[in-house]
Amino acid sequence: MHTRLARVIDIIARVGKLDALGPDDDFYAAGVDSMGAIDVVMDLEREFGVAVPDEQFVAARTARAVTALVDRAAP
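So, about the packing of helix H1 (residues 3-16) against helix H2 (residues 34-48). For the pair H1 and H2, interaxial distance at closest approach is 9 Å and the crossing angle is 145°. In this structure, H1 crosses over H2, and the sense of that crossing is right-handed. From H1, Arg4, Arg7, Val8, Ile11, Ile12, Arg14 and Val15 reach across to H2, where they touch Gly36, Asp39, Val40, Asp43, Leu44, Glu47 and Phe48. Each residue belonging to the contact of H1 with H2 can be placed in one class, and the counts come to 7 nonpolar, 1 polar and 6 charged.

Structure, rendered in structure tokens:
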């Protein structure tokens, strides 16, 4: 698995207190709420040193989609 993708999955699963999360699972449906999503964005920005636009993050419902956002924002 793509290393960055694995790190994104770890962050989302940890913040959302999810036992398991696949790269294409809808993490909102799995239990991440709006407050958790804010924490995920903050952790992603801190971990990868990027700015993740909130409106794009909300539309990215899977770890794979979030990883693509991080990839585009990464230097």
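Now that the structure is up, let's keep going.
Ranked by size, the top nonpolar core spans 26 residues in total, and within it Ile12, Phe27, Leu44, Phe57 and Val66 carry the most contacts. With 7 residues, H1 is the single largest residue contributor to this core. Ignoring any residue separated from it by four or fewer positions in sequence, one finds isoleucine 12 in contact with Leu18, Leu21, Phe27, Val32, Val40 and Ala63.

Bringing the pattern of salt bridges into the picture now. One pass over the full model with this rule turns up 6 salt bridges. Among the salt bridges present, the one from arginine 4 reaches aspartate 71, with a minimum N-O distance of 2.6 Å. Of the two residues, arginine 4 sits in helix H1 while aspartate 71 sits in helix H4 (residues 63-73), which places them 67 residues apart along the sequence. Residue classification places arginine 4 among the partly exposed positions, given a relative accessible area of 25%. In this structure, the salt-bridge partner of aspartate 26 is arginine 61, at a minimum N-O distance of 2.8 Å.

Conventions we followed
Residues numbered from 1 in each chain as written. Predicted model: local features only at pLDDT ≥ 70, side-chain atom pairs only at ≥ 80, totals over all residues. Heavy atoms only, no water. Axes fitted to C-alpha atoms, helices over the stretch in contact; angles between N-to-C directions. Helix = DSSP H or I, 4+ residues; strand = E, 2+ residues; numbered from the N terminus. Left-handed = near helix turned anticlockwise from the far one by under 90°. Contact = heavy atoms within 4.5 Å. Nonpolar A, V, L, I, M, F, W, Y, C, P; charged D, E, K, R; others polar. Core = buried A, V, L, I, M, F, W, Y, C linked by side-chain atoms within 4.5 Å. Buried < 20%, exposed > 50% of the residue type's maximum accessible area, 1.4 Å probe, protein only. Salt bridge = Lys/Arg side-chain N within 4 Å of Asp/Glu carboxyl O.

Everything listed here is a matter of coordinates, which is why it stays silent on function.
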